[in-house]
Amino acid sequence: MEDIWRQLEAELDRAKSLPEIEQVRIKYLGRKGVITVLAKNTDFGKLSAEEKKSFGQRLNSLKSRAEEAVRAAAERASREAVPQDGATGGPDLSLPGTDRRLGAMHPISLVQRELEDIFQGMGFRVLTGYEVETEYYNFDALNIPPDHPARDMQDTFWLEDGRLLRTHTSANQVRALEQFGAPIRAIFPGRCFRNEAMDASHENTFYQLEGLLVDRDISVAHLIGVMKTLLSAVFHKEVTVRLRPGFFPFVEPGFELDVQCLICGGVGCATCKRSGWIELIPCGLVHPRVLEFGRVDTSAFSGFAFGLGLTRLAMMKFGIPDIRLFNSGDIRFCEQFPVSM
Ligand code: FA5
């Protein structure tokens, strides 16, 4: 019986396909199979009661082991079976795919990647900074000294060691100028934090995308040109924008570029606070003091900077009415977006 078992095992090992395994089953367990015949051909009358019992037990054990081995081999073979394409002998690529649930990209990541593509097309490099920042880069180096009222506009979370959660991606400006010097074209997408009262368009954790271009003879015309190229690429249509004067200590002159609310079409809704406009891109020409902090020769170079609200842009693009959905962790929200754009 042990010989039969070893033989059976070896044959099952060689049998890779279901028909081959079936052949082995028939050979050993079929009506005229080796094991079946062994039971039939044994003359039990010639055996003592003791021998009968022992023989019967071993035979039953062999039979059930054999059945189990055949079943396991068949299961393994059907799992590994790859349908073959008759023409090439390779896998059949025309079969429908397995129904695998793919994850979805978060809307912020989708918009961020799209913007990175657009800016890279205009020669900007993509850099990142630090979410935990020093007071110097977040405020002082941007011409916002400790007693400046502009600090009150950006209340933040402080660490015990004096560092803070950055309130804006502008904190990257002087870091990048120190590291790369002028000329430079860079964008800095990233997460920012503010101690804010939350509503439909204000979060305590949100994303901005900073842009910085410093070169020779840069003017407001270059800034407007880049902003227009950006917005028409993002919205795939003409959007209505307006420029208002805006004050930021690190630009001079400074502007607020607003886009007409794409959720309500300018009529007024909760997202645009009934004004019909969404404040989207604060911008301006880099203040000479910031260039000096970045050790840039201000007699040769000038530049522009902008700080786009990435979260708000995603709201506009996908028609998301409430900013609190982004950090809600609600799977039903995330599932609605494409895997890529
Ligand atoms: C700034 O943060 C400046 N650093 C932008 C800048 C850069 C100006 C370069 C000039 C030159 P502001 O505080 O307005 O500016 O924020 C910029 C954008 O971030 C806003 O237009 C808005 O879209 C977004 N934002 C600001 N606070 C929040 C918030 N609490 N929730 C969601 N988005 C916000």
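So, here's what we can say about the structure. Computed from a prediction, not measured in an experiment: that's the story for all the values here.

What counts and what doesn't
- Residues numbered from 1 in each chain as written.
- Predicted model: local features only at pLDDT ≥ 70, side-chain atom pairs only at ≥ 80, totals over all residues.
- Heavy atoms only, no water.
- 1 Å grid on protein atoms, 1.4 Å probe; cavity = no way out; pocket = protein on both sides within 12 Å on 5 of 7 lines; lining within 4 Å.
- Points joined across faces, edges and corners; volume = space filled by probe spheres on them.
- Helix = DSSP H or I, 4+ residues; strand = E, 2+ residues; numbered from the N terminus.
- Nonpolar A, V, L, I, M, F, W, Y, C, P; charged D, E, K, R; others polar.
- Near = heavy atom within 4 Å.
- Polar contact = N/O pair within 3.5 Å; in protein donor to acceptor, adjacent residues only side chain to side chain.
- Sits in = over half its atoms within 2 Å of the grid points.

It is a probe the size of a water molecule, rolled over the atoms, that shows where empty space is left. Here the largest pocket is characterised by a volume of approximately 940 Å³. Arg 194, Glu 256, Glu 279, Pro 282 and Arg 312 are the residues nearest the centre of the largest pocket, which is lined by 45 residues in total. Among the elements of the structure, β5 (205–215), β6 (241–245), β7 (251–260), β8 (277–286), β9 (302–309) and α10 (310–318) are those that each provide at least two residues to the lining of the largest pocket. Ranked by the residues each element gives to the lining of the largest pocket, the list is headed by β8, at seven residues. Classifying every residue of the lining of the largest pocket by side-chain character gives 21 nonpolar, 13 polar and eleven charged. Taken as a whole, the second largest pocket holds about 250 Å³ of empty space. Taken together, 13 residues make up the lining of the second largest pocket; nearest its centre are Met 227, Lys 228, Leu 231, Val 239 and Val 241. Among the elements of the structure, α8 (220–235), β6 and β7 are those that each provide at least two residues to the lining of the second largest pocket. Take the lining of the second largest pocket: its biggest share by element is six residues, from α8. Considering only residue class, the lining of the second largest pocket consists of ten nonpolar, one polar and two charged.

Here the focus is the site of the ligand. Within the structure, the ligand sits among 25 residues, and His 168, Ser 170, Arg 194, Glu 196 and Glu 203 are positioned closest to it. In the environment of the ligand, an oxygen atom lies 3.3 Å from a nitrogen or oxygen atom belonging to the side chain of Glu 279. At 3.4 Å from an oxygen atom of the ligand is found a side-chain nitrogen or oxygen belonging to Arg 312. Given that more than half its atoms are within 2 Å of the pocket grid, the ligand belongs to the largest pocket. Only β5, β8 and β9 provide two or more residues apiece to the shell around the ligand.

This part is about the environment of Met 315. Positionally, Met 315 belongs in helix α10. The sequence separation of Met 315 and Ile 263 amounts to 52 residues, and the corresponding C-alpha distance is 8.4 Å.

Functional significance is not addressed by these values, which are geometric in nature.
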